[in-house]
Amino acid sequence: MLSHLYRSFAIWVSPTFPRKVMAAKDLVENTIASNKIAIFSKSYCPYCKRAKALLTSEFPEETTEILELDERGDGSEIQDYLLQKTGQRTVPNIFINQKHIGGCDSVVGLKEQGKLTVLVKA
Ligand SMILES: N[C@@H](CCC(=O)N[C@@H](CS)C(=O)NCC(=O)O)C(=O)O
């Protein structure tokens, strides 16, 4: 418990902390802005695998970027920023046409309701 508190404090007082948070914010916003489909994922996550498979097979022609947060040094800053932006901490965290969609359940639900293509082609 004490070591956890110390670690949190050490991160907050670190001179690189504000820079890392800003870099994560810019990266997330640029990824969303420059792609039709942006998927913030973790490589081992089954929900992510399902959502990635669905979106890449349904829309292979669309610009899609997938960031695997567990394979990056800045993954936790990205996840923190996504929580701040969307209220969602879990992955996958998906954006289509710059609109926040949610996770795997949301994408599968939209597909089942026949609403996914409309969102992507908007
Ligand atoms: N209902 C969610 C489930 C997503 C979920 O539980 N993802 C796990 C990874 S498999 C997660 O984000 N856990 C917290 C974390 O990795 O920080 C969805 O459909 O996307």
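Refer to the structure presented above.
The rules behind the values
Residues numbered from 1 in each chain as written. Predicted model: local features only at pLDDT ≥ 70, side-chain atom pairs only at ≥ 80, totals over all residues. Heavy atoms only, no water. Helix = DSSP H or I, 4+ residues; strand = E, 2+ residues; numbered from the N terminus. Expected span 1.5 Å × (residues − 1). Buried < 20%, exposed > 50% of the residue type's maximum accessible area, 1.4 Å probe, protein only. Arc of directions from axis to C-beta. Salt bridge = Lys/Arg side-chain N within 4 Å of Asp/Glu carboxyl O. Pairing = 2+ DSSP bridges. Right-handed = clockwise from strand over helix to strand, strands pointing away.

## Regarding helix 2 (residues 17–33)
Next up, step 1: A rise of 1.5 Å per residue sets the reference length of helix 2, with its 17 residues, at 24 Å; its end C-alpha atoms lie 24 Å apart and thus fit the reference within 8%.
Next up, step 2: Turning to helix 2, its buried residues number three or more, namely Phe 17, Ala 24, Val 28, Thr 31 and Ile 32. The buried side chains of helix 2 occupy one side of the element, clustering within an arc of 100 degrees when seen end-on. The outward face of helix 2, more than 90 degrees from its buried face, is lined by the exposed residues Arg 19, Asn 30 and Ala 33.

## Comments concerning the pattern of salt bridges
When charged atoms on two side chains of opposite charge get close, those side chains can pair.
Next up, step 1: All told, the structure shown has eight salt bridges when counted by the stated rule.
Next up, step 2: Note that Arg 72 is salt-bridged to Asp 74, the shortest N-O span being 2.7 Å.
Next up, step 3: Notably, a salt bridge pairs Arg 89 with Asp 80, separated by 2.9 Å at the nearest N-O pair.
Next up, step 4: On the accessibility criterion, Arg 89 (38% relative accessible area) is partly exposed.
Next up, step 5: Salt bridges sharing partners connect three or more residues here, namely Glu 61, Glu 62 and Lys 121.

## Focus: the pairing of strand 1 (residues 37–41)
Next up, step 1: When you tally the buried positions in strand 1, you get five out of five residues, the bulk of the element.
Next up, step 2: Here strand 1 shows a buried face lined by Ile 37, Ile 39 and Ser 41 and a second buried face lined by Ala 38 and Phe 40.
Next up, step 3: Here strand 1 runs beside strand 2 (residues 64–68); their pairing, made up of five bridges, is parallel. Each bridged residue has a counterpart across the sheet, and for Ile 39 the counterpart in strand 2 is Ile 66.
Next up, step 4: Regarding topology, helix 3 (residues 46–58) serves as the crossover connection from strand 1 to the parallel strand 2, and that connection is right-handed.

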